[in-house]
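Spelled out, the chains give:
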Amino acid sequence: MATIELQNLRHSYVPEPKGPEDYALKHMNFTWKDGGAYALLGPSGCGKSTLLNIISSLVTPSEGKVLFDGRDVTPLTPDQRNIAQVFQFPVIYDTMTVYNNLAFPLKNRGFSRQRIEERVREIAGLLEIEPLLQQRAANLSPDNKQKISMGRGLVRDDVNVIMFDEPLTVIDPHLKWKLRSKLKELHQSVQTTMIYVTHDQTEALTFADEVVVMEEGQVVQIGTPVELFEKPAHTFVGHFIGSPGMNILPAEMNGEGPSFHGTAVPVANPPARLEGNERLEIGVRPEFVRFARKGESGLPVEVLKTTDTGRYRLVFARAGDTKLHAILPEDESEAPTGQAEVIFDPERTRLYADGWLLEN
Amino acid sequence: MAHKTENPRAWLFVAPVLLLVAFNAFIPLMAVINYSVQESFGNNLFFWHGIGWFEQIMNSERFQATLLRQGFFTFIILAIELPLGVAIALTMPKKGFWVPVCLVLMALPLLVPWNVVGAMWNIFALPDLGLLGATLNGFGWEYNMTSDPFDAWFTMILMDVWHWTSLVVLLSYAGLVSIPDAFYQAARIDGASRLSVFRFIELPKMKHVLTIAVLLRFMDSFKIYTEPFVLTGGGPGNSTTLLSIDLVKIGLGQFDLGPAAAMSLIYFLIVLTFSWIFYTLMTKNDPM
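Quick caveat: nothing in here was measured; it's all calculated off a predicted structure. (Residues numbered from 1 in each chain as written. Chains lettered and ligands numbered in written order. Predicted model: local features only at pLDDT ≥ 70, side-chain atom pairs only at ≥ 80, totals over all residues.)

**Re the overall build of chain A**
Looking only at helices and strands, chain A has 9 helices and 22 strands in total. Principal-axis analysis of the C-alpha atoms places the extent of chain A at approximately 80 × 50 × 30 Å. In chain A, buried positions account for 41% of the 360 residues. Taking as baseline every contact in chain A between residues at least 6 positions apart, the subset at least 24 positions apart corresponds to 66%. (Helix = DSSP H or I, 4+ residues; strand = E, 2+ residues; numbered from the N terminus. Buried ≥ 20, exposed ≤ 12 C-beta atoms within 10 Å, placed from the backbone. Contact = placed C-beta atoms within 7 Å.)

Encoded structure:
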């Protein structure tokens with residue numbers, strides 16, 4: 001158990017990096033609180049696996065330090081750091097039984113037979129794999145193999161952190177859900193810091209107390225699932241999280257506030273001061289877009305089609321060249337067709353400059 | 001099952017293969033079986049001899065000695081080439097500039113024709129002119145492959161190790177590079193020692209290629225003919241006369257077709273049985 005601090009971390013796989021584009025991981029300072037359940041979310045190639053491997057010491061950072069409880073562990077090996085990692089594909093020792101697989105990390109550390117027996121039984125119980133203990137691990141199904149991989153991380157009760165690197169990739173969809181809730185449950189019972197890497201927002205949002213969103217080697221936002229949804233710090237987060245993602249419309253300043261194609265759009269964060277050369281964008285989630293009632297005037301759009309998902313209706317529209325999604329509750333009357341006007345909830349419509357949320 | 005379409009023309013497509021197999025395998029094998037149960041005289045006169053030749057071969061001290069010699073040879077070269085091949089494969093780089101260099105160096109001995117290998121080593125081992133022979137003699141070992149059975153065996157085994165260890169290396173290497181990095185990383189996190197990594201990750205993952213390696217080396221060494229024949233001609237005396245060399249002596253030297261045919265069948269059955277038992281044992285626990 002430990003608080004994990006990353007200080008001025010940078011990493012490049014190129015021996016002599018020239019510009020920021022050579023860095024797989026750009027400058028980073030971050031603290032993972034002890035006992036937290038974190039998700040590291042981002043598209044493939046955003047540097048999240050690199051970050052994970054730096055924490056586990058499988059990769060040595062080009063610059064910066066990793067601290068466990070204030071102690072510099074940057075030069076230590078993975079087993080000295082006492083961490084556990086579960087990989088994308090289940091790693092099991094084919095020739096051993098399930099029991100011996102789970103006991104392996106303990107045996108290597110010289111635990112007593114009795115202690116090993118206790119721990120293995122306990123973890124097998126948590127993972128519900130007791131009936132398999134005496135079977136050879138090689139012949140099991142992928143989800144059971146992955147449970148064993150997780151189990152090998154969990155048997156050591158003193159690990160500083162358990163990291164999951166997209167652990168559900170090879171699992172059947174209906175088992176994914178089960179394993180995910182199992183993990184959540186495990187976190188509550190063992191209280192070890194867990195970091196869960198994924199590119200799947202559902203996995204991240206259901207597992208984590210706090211989600212770290214990464215893009216192109218840097219952290220773009222850290223927050224609870226609700227914060228990520230309601231107040232994306234970057235258009236990338238808005239777009240990446242949510243289904244469909246946030247609507248992003250190019251904007252220009254028009255007197256007091258921002259506008260889109262000449263229509264003023266009130267936002268929650270009207271800018272105090274602007275350089276004048278930023279690329280401005282208005283971001284609003286489809287959930288906060290509604291059609292104008294009689295007597296109201298809004299942004300003119302062309303409705304292209306409406307699909308009914310059963311729980312809500314999703315409207316595909318176009319404002320000028322920009323695509324726009326709107327989510328309408330099921331109870332509302334007929335969705336408009338053809339030309340219509342939309343209104344954005346001003347409390348939840350935000351202005352972004354060069355991709356980043358403007359602070360006001 | 002659904003209705004099957006019958007089209008006699010299909011046989012036309014199979015015919016070339018059938019013909020080829022018939023001419024290069026089936027008919028010659030049948031001829032051998034035919035010879036093995038008959039006594040032959042000149043003018044194509046044949047008499048039924050039953051299992052007489054088989055009894056004669058099985059009871060012959062010459063055959064027993066040769067079989068023992070052959071078993072010994074195969075055992076030794078397997079005992080040397082397998083661990084050595086795996087050890088070399090483990091030390092080879094996994095990526096970078098040296099990979100192709102190592103691979104080409106390893107493949108070189110495999111590219112040399114067998115009789116050339118024999119001739120090369122024959123010259124290499126000459127006690128007065130050969131690099132190996134002269135060097136050993138220079139160090140005070142009175143080395144002479146043509147008069148000393150031990151020296152002959154030593155050279156023959158060294159030659160086979162030189163020629164064929166590469167095969168084991170290449171197969172093991174292929175097995176090693178196919179192990180995903182995650183396995184090594186997981187082992188590091190689990191605190192496994194180098195020995196454990198070999199014992200629990202590398203060896204199990206190499207099991208299939210090593211099974212193939214053992215099978216190939218077993219069959220090839222059991223059938224080996226050209227290299228020892230060119231190297232020692234089976235001598236001194238008959239100390240390096242392996243099964244196939246003896247078989248050629250009986251069949252083509254003495255023209256005893258019956259005993260030679262019986263011997264080749266026994267020989268064939270030994271190789272087949274061993275390979276089958278070995279393969280069955282090695283694949284017994286595999287997941288389907």
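**A word on unusual backbone geometry**
Residues and elements named next belong to chain A. The linkage connecting S243 with the following residue, P244, adopts the cis geometry, with an omega of -5 degrees. Residue position: P244 is located in the loop between α9 (235-240) and β11 (247-250). Although it is not a glycine, E128 sits at a positive phi angle of roughly 55 degrees. By the secondary structure assignment, E128 is in the loop between α4 (113-127) and α5 (142-154).

**Thoughts on the environment of I201(B)**
Considering the arrangement of structural elements, one finds I201(B) in helix α9 (residues 194-223). For I201(B) and Y184(B), which are 17 residues apart along the polypeptide, the C-alpha to C-alpha distance reads 8.0 Å. What I201(B) contacts, discounting residues up to four positions off in sequence, is Y93(A), I179(B), F183(B) and A187(B).

**So, the interface of chain B and chain A**
Accessible area lost on assembly of the parts is the figure often given for the size of an interface. Taken together, the contact between chain B and chain A spans 14 residues of the former and 22 residues of the latter. The set of elements that each furnish at least two residues to the side of chain B that touches chain A consists of α8 (181-189) and α9 of chain B. The biggest single contributor to the side of chain B that touches chain A is α8(B), with 6 residues. Of the residues assigned to the side of chain B that touches chain A, the class counts are 10 nonpolar, 2 polar and 2 charged. (Nonpolar A, V, L, I, M, F, W, Y, C, P; charged D, E, K, R; others polar.)

**Comments concerning the sheet that holds strand β18 (residues 312-319) of chain A**
All names here are of chain A. Spatial strand order, β16-β20-β17-β18-β19: 5 strands in an open sheet with antiparallel pairing. Lying at the two open borders of the sheet, with one neighbouring strand each, are β16 (289-291) and β19 (322-329). Within this sheet the neighbouring strands show an average axis-to-axis angle of 45 degrees, counted without direction. As defined by bridge partners, β16 adjoins strand β20 (residues 338-344) across 3 bridges and the pair is classed as antiparallel. Residue pairing across strands places R290 opposite I343, the latter belonging to β20. (Pairing = 2+ DSSP bridges. Axes fitted to C-alpha atoms, helices over the stretch in contact; angles between N-to-C directions.)

**Focus on the sheet that holds β11(A)**
Residue and element names in this part refer to chain A. Pairing is antiparallel in the open sheet, where 4 strands are placed in the order β11-β15-β21-β22. If you trace the sheet from one side to the other, it starts and ends with β11 and β22 (356-357), each paired once. Relative to β22, strand β21 (residues 349-353) runs antiparallel, the two sharing 2 bridges. What sits directly across from Y352, in β22, is L357.

**Section: the confidence of the model for chain B**
As a general rule, the predicted coordinates of low-pLDDT regions are not to be interpreted in detail. Mean pLDDT over chain B works out to 88, with 98% of the residues at or above the 70 mark. Scored as a complex, the prediction yields pTM 0.75 and ipTM 0.74. (pLDDT = per-residue confidence, 0-100.)

**What to know about the nonpolar core**
Residue and element names in this part refer to chain A. Y38, A39, L40, I195 and Y196 are the most contacted members of the largest nonpolar core, which has 101 residues in total. The biggest single contributor to this core is helix α3 (residues 98-108), with 6 residues. Counting the residues that make up this core, at least three belong to each of domain 1 (4-232) and domain 2 (243-357). Setting aside anything within four residues of it in sequence, one finds L40 in contact with K48, L51, L52, I195, Y196, V197, V212 and M214. (Core = buried A, V, L, I, M, F, W, Y, C linked by C-beta atoms within 7 Å. Domains from an automatic or database assignment.)

**What about α3(A)?**
Residues and elements named next belong to chain A. Buried residues dominate α3, accounting for 8 of its 11 residues. Regarding α3, the residues found buried are V98, Y99, N101, L102, A103, F104, P105 and L106. Its buried side turned inward, α3 meets α4 and α5. Phi for G110, located one or two positions after α3, is positive at around 70 degrees.

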